[in-house]
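What follows is each chain in one-letter form.
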Amino acid sequence: MITASKSDAVSQDGLLPDLPNGPLSEYRRKASFNWKDMAMFLEDEDIIAFKNKIFSTLESDPLFYRQPGVDLPLEKYRELTFLRCKKIFEYNFLTFEATMEKPQKMLVLINCLGMYDWSLSTKYFLDTQVFGVAIGNTGSERHETILHQTQNMEIRNPKTLLPMPGVMVGDIGRKLGQNGLDNGFAMFHNVRIPYENLLNRTGDISSSGNYTSAYKDPKQRLGASLGTLSSGRVSIISMVVTNLKLAITIAIRFSATRRQFGPTEKEEIPVLEYQLQQWRLIPYLAAAYALDYFSVGFFFNLIELQIGILMKDRSPRQAELGKEIHALSCAGKPLASWTAQHGAQECREACGGHGFLAMNRLGDIRNDNDPNCTYEGDNNVLLQQTSNYLLGLVQSIHEDNAPCESPLGSIHFLNDYKTILKRKFTASTIRECLDCAVALDAYKWLVCYLLRESHDKLQQEKQRAANDFDARNNSQVYYCRSLALAFIEHTVLQRYYDYTHDPSTPGSLQPVLKKLCCLYGLWSLNKHIAVLYQGGYFAGELPGRIVQDAILDLCAQLKDDAVSLVDAIAPPDFILNSPIAKADGELYKNLWSAVLQGEKVLERPSWWPEFCCNKPVIGKPRSQL
Ligand SMILES: CCCCCCCCCCCCCCCC(=O)SCCNC(=O)CCNC(=O)[C@H](O)C(C)(C)COP(=O)(O)OP(=O)(O)OC[C@H]1O[C@@H](n2cnc3c(N)ncnc32)[C@H](O)[C@@H]1OP(=O)(O)O
Ligand SMILES: Cc1cc2nc3c(=O)[nH]c(=O)nc-3n(C[C@H](O)[C@H](O)[C@H](O)COP(=O)(O)OP(=O)(O)OC[C@H]3O[C@@H](n4cnc5c(N)ncnc54)[C@H](O)[C@@H]3O)c2cc1C
């Protein structure tokens, strides 16, 4: 294990207390890097201190106490969520000034509260941000009263909480997750909405009924109007990565302490030592790191867009930025939320029966993550926005009449489209595949190939089908949908590659980070193996075999680092709230103690006499048929 320098260690110890000794210590000793160095590289001191403040405040407030795995009645859970939400308003963790100084803290707060409970986080941010930001960004000075009323919780009649005349509101009922959050409906019967309520930042109607807009170009106007909607999708990418981090922390710590079987009769080995367990989990750990980096960087891109909207920037660059962020977020949300969904399920199963025990939290993580695949736009529907954006570039690519340029550079590689399509996979050994550039090159080819195929398919369907609507719908499966996913995977990988290979990345961390990058790249690429063969980029047995062998090799190389890698991203035990995954690794002690603290755990059920006194007579009552 590589240790930090003395001065680093002093500041680290204040922010990141040592982890307790116990059954996980052996893996921690074997790690190739110091987990505190990693934590301080991933987030700066200010952010770590901010997180510590939020976590310790919640832990020391009795209102936030919870018993692992307890299934609260719906009404009680919602009441608690509301009371906790009020408390979060009181704690005022993030002032307006602090947000302006470091907007990233907004994302940190969403995720810290979400790590505790997504119902709470979503409730707080829907009230303060989603609704408020939508009004603020698409309205004008005349909507300040509404913003003010929102802040003062005045969303009905403030004295009676009854809806206004003509408005009917209600609750839609229990959901599959996030049940602390109430989801309602609203219906309006002959309600006159005042003219001033029209959100008029990008367009207005005069009292004589004439439409006016400061935007001459309708596309720029649309982008400015809709651009504000991207914030939810961009934030969701980070929220789902948070779920993946929680799930993988639980599964890795469990796998490092749970022992089953072994090569000899004498000693059982941790299940993390099995190649199968490594292959099921470690790629999700790599995905958590790569997607986390993407989500934070992409949030900064969003902030740039939001500032432009607020400053009424009408430049072509601002319009292009809106389009690119829209295209990336419409594929980024599907990629990240599905990775978290599949990862949470894999983690649940990788913890065996313990994973199915509610108190270990994997069920809640999975269920609370699930709606991210649907809200702010169904994943499959959103992916079509990304492929539309890419298909819109084809003409200029084919005709070489204009370079592919975008503010964030995600499409720049398409300038080499024709050359890239001529390339073939050239690696011939596992060792060569351990360089992440191999996966990155393959992705460039994959995107170009799928773009060409999707475009051709669309043209064929247009000739065959009666209308463009059908043509587009019939070009999704295996074409446009795959294109959108390959494009976002390439973007995530390219950004992570640049980051992990940057000379400023500390030398002590670079080897492990490069392995994570390479594993994420090859593991993701492996899902497209049929297309790689189909399009002739791969030929013969070798490419498929060495890619798979390289994945297994990287999993084996990373298994001794896995515990420290989750230590660097895990929240404190109170927040993680999973007895099988406490930092001390005392799996059985912690589980046993949580079981014993359960309500009426050792009592007979109240209906026990039914069992003794009123035994069933087999076959009674008789059938009347
Ligand atoms: C700092 C912040 C903190 C925030 C803190 C967050 C906390 C986060 C809590 C989350 C908790 C969520 C809780 C659930 C909240 C709901 O779920 S709210 C409801 C959200 N609903 C949706 O998202 C609906 C999804 N559907 C859609 O948006 C539309 O159906 C689609 C997918 C855009 C397609 O619409 P369409 O009419 O078929 O449009 P289409 O013709 O394809 O597009 C028209 C043009 O507009 C463009 N366009 C469309 N949208 C955009 C856009 N957003 N930007 C730019 N251009 C756009 C298109 O690219 C297209 O351009 P061109 O190709 O013509 O150049
Ligand atoms: C927990 C939760 C909270 C929510 N909160 C809010 C909220 O606060 N405010 C709000 O306005 N909304 C909210 N929503 C609604 C949410 O935005 C929508 O559910 C979401 O946009 C998907 O739309 P839909 O339900 O109408 O699905 P549908 O459009 O009915 O889709 C159903 C199925 O059909 C498929 N499908 C639909 N169109 C196409 C197509 N063109 N091509 C191929 N397949 C297609 C979809 O992929 C999907 O599988 C919430 C949803 C959830 C789950």
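That block above? That's the structure.
A few points on the structure. Quantities reported herein were computed from a predicted structural model and do not represent experimental measurements.

### Comments concerning the overall build of the chain
Assigned secondary structure in the chain consists of 29 helices and 6 strands. Whereas a compact globule of 625 residues would reach a radius of gyration of roughly 25 Å, the chain reaches 27 Å, a difference of no more than 12%. Along the first, second and third principal axes, the C-alpha set of the chain runs to 80 × 80 × 75 Å. Residues classed as buried in the chain amount to 48% of the 625 residues present. About 31400 Å² of surface is accessible on the chain, with carbon and sulfur atoms providing 55% of the total. Of the charged side chains in the chain, 66 are positive and 70 negative, and the gap between their average positions amounts to 4 Å.

### Considering the site of ligand 2
Close contacts around ligand 2 come from Asn183, Pro371, Thr374, Tyr375, Glu376, Gly377, Asp378, Asn380, Val381 and Gln384, and that covers them all. Contact with the protein chains removes 36% of the 970 Å² of surface that ligand 2 exposes when unbound. Residues of the shell around ligand 2, tallied by class, amount to 3 nonpolar, 5 polar and 2 charged.

### Let's talk about the environment of Leu558
As for its position among the elements, Leu558 is in helix α25 (residues 541-558). With relative accessibility at 1%, the residue Leu558 sits in the buried group. When the C-alpha atoms of Leu558 and Leu519 are compared, they prove to be 9.5 Å apart, with 39 residues separating the residues in sequence. Excluding residues that lie within four positions of it along the chain, Leu558 makes contacts with Ile282, Val512, Lys515, Leu516, Leu519 and Leu565.

### As for the nonpolar core
Leu58, Tyr289, Leu414 and Tyr520 are the most contacted members of the largest nonpolar core, which has 164 residues in total. Sorting elements by how many residues they give to this core places helix α12 (residues 275-310) first, with 17 residues. Look past the residues within four positions of Tyr520 in its chain and what remains in contact with it is Ala286, Ala287, Ala290, Leu291, Leu335, Glu489, Val492 and Leu493.

### Thoughts on the side chain of Asn111
The residue Asn111 is located in helix α7 (residues 104-116) in this model. Ignoring any residue separated from it by four or fewer positions in sequence, one finds Asn111 in contact with Trp118, Ser238, Met239 and Thr242.

### Concerning the packing of helix α5 (residues 74-91) against helix α8 (residues 118-138)
Remark: α5 packs on α8, axes separated minimally by 9 Å, with the N-to-C direction vectors making an angle of 55°. With respect to each other, α5 and α8 are oriented oblique. Between α5 and α8 lies a crossing whose hand is right-handed. On the side of α5, the interface is formed by Tyr77, Thr81, Phe82, Arg84, Cys85, Ile88 and Phe89, while α8 contributes Ser119, Leu120, Lys123, Tyr124 and Thr128. When the residues that make up the contact of α5 with α8 are grouped by side-chain class, the tally is 7 nonpolar, 3 polar and 2 charged.

### Details of the site of ligand 1
In the neighbourhood of ligand 1, 18 residues make up the surrounding shell, with Leu222, Leu226, Arg233, Glu376 and Gln385 lying closest. Between ligand 1 and Glu376 there is a distance of 2.9 Å, counted from an oxygen atom to a backbone nitrogen or oxygen. Considering ligand 1 on its own, with 1400 Å² of exposed area, one finds that the protein chains cover 64% of that surface. The greatest single-element share of the shell around ligand 1, amounting to 5 residues, is contributed by helix α11 (residues 230-257). When the residues that make up the shell around ligand 1 are grouped by side-chain class, the tally is 6 nonpolar, 9 polar and 3 charged.

### Remarks on helix α15 (residues 362-369)
The periodicity of an α-helix, 3.6 residues per turn, causes residues three or four places apart in sequence to face the same way. Of all the positions in α15, only Leu362, Ile365, Asp368 and Asn369 are classed as buried. All buried residues of α15 fall inside an arc of 140° around its axis, so they share one side. If you follow the buried residues of α15, they end up packed against α8, α11, α13 (316-350) and α14 (352-356).

### Considering the environment of Phe188
Of note, Phe188 is situated in strand β2 (residues 184-188). The exposure class of Phe188 is exposed, given its relative accessible area of 52%. For the pair formed by Phe188 and Gln384, sequence separation is 196 residues and the distance between their alpha carbons is 33 Å. Those residues in contact with Phe188 that lie beyond four places of it in its chain are Gly166 and Val167.

### Looking at unusual backbone geometry
Of note, Asn190 is a non-glycine position whose phi angle comes to about 50°, a positive value. Tracing the sequence through the fold places Asn190 in the loop between β2 and β3 (204-205). Residue Asn190 is classed as exposed on the basis of its relative accessible area of 82%. One non-glycine residue, Phe261, lies in positive phi territory at about 55°. Of the residues examined, Phe261 reaches a relative accessible area of 59% and is grouped as exposed.

### Looking at the pattern of salt bridges
On inspection of all chains with the given rule, the structure shows 22 salt bridges. Its salt-bridge partner being Arg142, residue Asp204 comes within 3.5 Å of it at the nearest N-O pair. We classify Asp204 as buried; its relative accessible area is 16%. Under the relative-accessibility criterion, Arg142 is labelled partly exposed at 29%. Measuring nitrogen to oxygen at the nearest pair gives 2.7 Å for the salt bridge that ties Arg317 to Glu304. With Arg317 in helix α13 and Glu304 in helix α12, this pair connects stretches of sequence that are 13 residues apart. Through salt bridges with shared partners, a single ionic network connects Lys30, Glu273, Lys559 and Asp560.

### Details of the state of the cysteines
In a disulfide, the sulfur atoms of two cysteines are covalently bonded to one another. Evaluated as defined, the whole model comprises 0 disulfides. You can see Cys351 has no disulfide; the closest cysteine sulfur is in Cys347, sitting 6.7 Å from it. For Cys351, a relative accessible area of 1% puts it in the buried group.

### Overview of the packing of aromatic side chains
Aromatic ring pairs are defined here through the distance separating the ring centres and the angle between the ring planes. Counted by the stated rule, this structure contains 18 aromatic pairs. For the ring pair Tyr520 and Trp523, a centre distance of 6.4 Å and an interplane angle of 45° mean the geometry is tilted. Placement of the pair is Tyr520 and Trp523 together in helix α23 (residues 510-526), with a separation of 3 residues, close to one helical turn. Between the NZ or CZ atom of Arg314 and the centre of the ring of Tyr215, over which it lies, the distance is 5.1 Å. Between Lys527 and the ring centre of Trp523, over which it is positioned, the NZ or CZ distance is 3.6 Å.

### Remarks on the side chain of Lys123
Mapped onto the elements of the fold, Lys123 is located in helix α8. Ignoring any residue separated from it by four or fewer positions in sequence, one finds Lys123 in contact with Thr81, Phe82, Cys85, Leu181 and Asp182.

Rules behind the numbers
- All residue numbers here refer to positions counted from 1 along the written sequence of the relevant chain.
- Chain letters start at A and ligand numbers start at 1, both assigned in the order the entries are written.
- pLDDT decides what is reported in this predicted model: residues at 70 or higher carry local features, side-chain atom pairs at 80 or more are listed and counted, and totals for whole chains, interfaces and linings draw on all residues regardless.
- With hydrogens and water excluded, all non-hydrogen atoms of the structure serve as input to the side-chain values.
- Starting at the N terminus, helices and strands are each numbered in turn, a helix being any DSSP run of H or I of at least four residues and a strand any DSSP run of E of at least two.
- Between the two quantities, the radius of gyration covers C-alpha atoms and the globule rule is 2.2 Å times the number of residues to the power 0.38.
- Accessible area is worked out with a 1.4 Å probe on protein chains only. A residue is then buried under 20% of its type maximum, exposed over 50%, and partly exposed in between.
- Surface accessibility in these figures is a Shrake-Rupley result with a 1.4 Å probe; residues are shielded only by whichever protein chains are displayed.
- Charge counting treats Lys and Arg as positive and Asp and Glu as negative, with His and both chain ends excluded.
- Positions of charges follow a simple convention, taking NZ of Lys, CZ of Arg, CG of Asp or CD of Glu.
- Whether a residue is near a molecule or strand depends on its heavy atoms: it is near if one of them lies within 4 Å of it.
- Any residue outside Ala, Val, Leu, Ile, Met, Phe, Trp, Tyr, Cys, Pro, Asp, Glu, Lys and Arg is labelled polar, Gly included; the first ten of those are nonpolar and the last four are charged.
- Contact criterion: two residues are considered in contact whenever any of their non-hydrogen atoms come within 4.5 Å of each other.
- The nonpolar core is taken to be a set of buried Ala, Val, Leu, Ile, Met, Phe, Trp, Tyr and Cys residues, with the residues joined through side-chain atoms within 4.5 Å.
- In this analysis an axis means a line fitted to C-alpha atoms, helices contributing only their contacting stretch, and an angle means the value between N-to-C directions, from 0 to 180 degrees.
- What sets the label is the angle itself: under 35 degrees gives roughly parallel, over 145 gives roughly antiparallel, 65 to 115 gives roughly perpendicular, and the rest give oblique.
- Working rule for handedness: look at the near helix, and if it is turned counterclockwise from the far one by less than a right angle, call the crossing left-handed; if clockwise, right-handed.
- As used in this structure description, the phrase polar contact means that two N or O atoms lie within 3.5 Å; if the pair is within protein, one of them must be able to donate a hydrogen and the other to accept it, and residues adjacent in sequence are counted only when both atoms belong to side chains.
- Working note: the arc is built from the helix axis to C-beta atom directions.
- We define a salt bridge as a contact between a side-chain nitrogen of Lys or Arg and a carboxyl oxygen of Asp or Glu at a distance within 4 Å.
- By convention in this document, the label disulfide applies to cysteine sulfur atom pairs within 2.5 Å.
- By convention, a stacked pair of Phe, Tyr or Trp rings (six-membered ring in the case of Trp) has centres within 6.5 Å and planes under 30 degrees apart, an edge-to-face pair has planes over 60 apart, and any other such pair is tilted.
- A ring has a charge above it when a Lys NZ or an Arg CZ is no more than 6 Å from the ring centre and no more than 35 degrees off the ring normal.

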